[in-house]
Amino acid sequence: MMNVLLIGSGGREHALAWKIAQSPLLGTLYAAPGNPGIADHALLSPLDPFDQDAVVAFCRDKAIDLVVVGPEAPLVAGLADALSAAGIPVFGPSAAAAQLEGSKGFTKDLCARENIPTGAYQRFNNAPKAKAYVRAQGAPIVIKADGLAAGKGVTVAMSLDEALGAIDDCFEGAFGEAGAEVVVEQFLHGEEASFFCLCDGVTALPFGTAQDHKRVSDGDTGPNTGGMGAYSPAPVMTSALIEQTMTEIIEPTMRGMAAMGAPFTGVLYAGLMIDETGPRLIEYNARFGDPECQVLMMRLKTDVLVLLKAAAEGRLAEVAADWRNEAALTVVMAAEGYPGTPRKGTPIAGLDAAEATGAKVFHAGTALNDGQLVATGGRVLNVTALGPDVTTAQAKAYAAVDAIQWPGGFCRRDIGWRAVEREAAAAPD
Ligand code: AMP
Ligand code: GLY
């Protein structure tokens, strides 16, 4: 039996907790800090993931056999290094390997060295040089703060003025330390897809595809968010494209990271742009996507603990992942005001009725206040359903959304639209 500590408190971690709890290998699951949904499957602890000594002490005290780290910030801060140094198995990359997410410049340089297809780019540490380059290139063009900026450091500038403004924002401190360096990147055309691999430092095991919806409003309009909904698989990622992505992008990354003494362990999440020439890398993340993880966990048939343990122990070559044939779709319900300042404390009801429809509701920013479920954050619930195709999964997810009473929340009504359009076009008249 394995005792597991899960780090995080979002919908991604609720989906992981739900799936880990189904494993016959599980002894006790702990989560820090968790949320009311995760509490159905785990004992919650207020442990601070940035207090590495406290995490190590907790693991010794509770005889933890595996730590699973959900979010990127503790990884970039070196939580996996501290656990490994203490001999505690961990699923998640070292700080050196997490630079794939933590520094866009680091990843761009790796792409250049390993000949990985990506947009042309330049790195800058001052505004005048960055602006001169942007003026020479023209718009559309993409401006990225180098470091972690909670998903907000990227400006896809459709005009020169917007690009110049974004450069000023970065160097004037809009993203703090993350903006001390700026990457200016070629604008890529095509369709985006998320591709996931489990990695053990040497082997990368393909772990599914998904499509996210980053803009806050229907029709992919409004400001960027952490993600308003997702579905899996992404039909644009054919098996030929997956193979091409493995050969041209993932495998050279694994080799390049190992060669620089920073082998990558954990989830490698590639944000891809697909056009007629094939896949190009937009960015890497060193963790599962949120809400993409929710749809992957719904579709995964294999015991997730077997896979996470094999990744942590360097044995991924010995295991395989098996998936349901169905599509999964998740709709994010967010608090009014998101992605600006979300309203806090509004009451939520009807989750049992939503789940009675056959859907699964994962919690993100929720809390229990004297027994009443309330919203505490931006993204609050992930209403997730399976179906024989995306069209059916979408209808089931929205039927469950409609069973929830939460006047302080909202969601997009068109999650899955690309796949639904594809399915309609493919259907016989
Ligand atoms: P990132 O945080 O790097 O994923 O960027 C956020 C979003 O900006 C991506 O999901 C894309 O929609 C968009 N984006 C980033 N880089 C590019 C690019 N080079 N060309 C077009 N769109 C991009
Ligand atoms: N859903 C996008 C992300 O997790 O980065």
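Because the structure is a prediction, the values reported are computed rather than measured.

Caption draft 1: Summary view of the packing of helix H6 (residues 104-114) against helix H9 (residues 239-259). Close contact between H6 and H9 brings their axes to 10 Å; oriented N to C, the two are set at 105°. Relative to H9, H6 is oriented roughly perpendicular. Contacts between H6 and H9 involve Phe106, Leu110 and Glu114 from the first element and Pro252, Thr253, Gly256 and Met257 from the second. Tallied by class, residues from the contact of H6 with H9 come to four nonpolar, two polar and one charged.

Caption draft 2: Region of interest: the packing of helix H1 (residues 11-20) against helix H10 (residues 292-299). Between H1 and H10, the least distance of the axes is 8 Å, while the angle of their chain directions is 15°. Judged by the inter-axis angle, H1 sits roughly parallel to H10. In terms of crossing hand, the pair formed by H1 and H10 is left-handed. For the pair H1 and H10, contact is made by Gly11, Arg12, Ala15, Leu16, Trp18 and Lys19 and by Cys293, Gln294, Met297 and Met298, respectively. Among the residues making up the contact of H1 with H10, the classes are represented as six nonpolar, two polar and two charged.

Caption draft 3: Spatial organisation of empty space enclosed by the protein. In total, this model carries three cavities of 30 Å³ or more according to the counting rule given. Size it by volume and the largest cavity reaches roughly 90 Å³. Taken together, Leu100, Lys104, Thr107, Lys108, Thr118, Lys144, Val183, Glu185, Leu281, Ile282, Glu283 and Tyr284 make up the full set of residues lining the largest cavity. Those elements that place two or more of their residues in the lining of the largest cavity are H6, strand E9 (182-186) and strand E16 (278-285). Here the lining of the largest cavity gets four residues from one element, more than from any other, and that element is E16. In the lining of the largest cavity, the residues fall into five nonpolar, two polar and five charged.

Caption draft 4: Here's a closer look at the pattern of salt bridges. As enumerated under the stated definition, the model contains 21 salt bridges in all. For Glu336, the salt bridge goes to Arg343, with nearest N and O atoms at 3.1 Å. Overlapping salt bridges, with partners in common, bring together Lys309, Glu313, Arg315 and Glu318 in one network.

Caption draft 5: Quick peek at the layout of surface pockets. A volume near 170 Å³ is recorded for the second largest pocket. If you trace the second largest pocket, you find it lined by His14, Pro36, Gly37, Asp40, Leu351, Asp352, Glu355, Lys360, Val361, His363, Leu368 and Leu373. Taken together, the residues that form the lining of the second largest pocket break down as five nonpolar, three polar and four charged.

Quick notes on the rules
- Residues numbered from 1 in each chain as written.
- Chains lettered and ligands numbered in written order.
- Predicted model: local features only at pLDDT ≥ 70, side-chain atom pairs only at ≥ 80, totals over all residues.
- Heavy atoms only, no water.
- Axes fitted to C-alpha atoms, helices over the stretch in contact; angles between N-to-C directions.
- Helix = DSSP H or I, 4+ residues; strand = E, 2+ residues; numbered from the N terminus.
- Parallel < 35°, antiparallel > 145°, perpendicular 65-115°, else oblique.
- Contact = heavy atoms within 4.5 Å.
- Nonpolar A, V, L, I, M, F, W, Y, C, P; charged D, E, K, R; others polar.
- Left-handed = near helix turned anticlockwise from the far one by under 90°.
- 1 Å grid on protein atoms, 1.4 Å probe; cavity = no way out; pocket = protein on both sides within 12 Å on 5 of 7 lines; lining within 4 Å.
- Points joined across faces, edges and corners; volume = space filled by probe spheres on them.
- Salt bridge = Lys/Arg side-chain N within 4 Å of Asp/Glu carboxyl O.

Shape descriptors only; they carry no functional weight alone.
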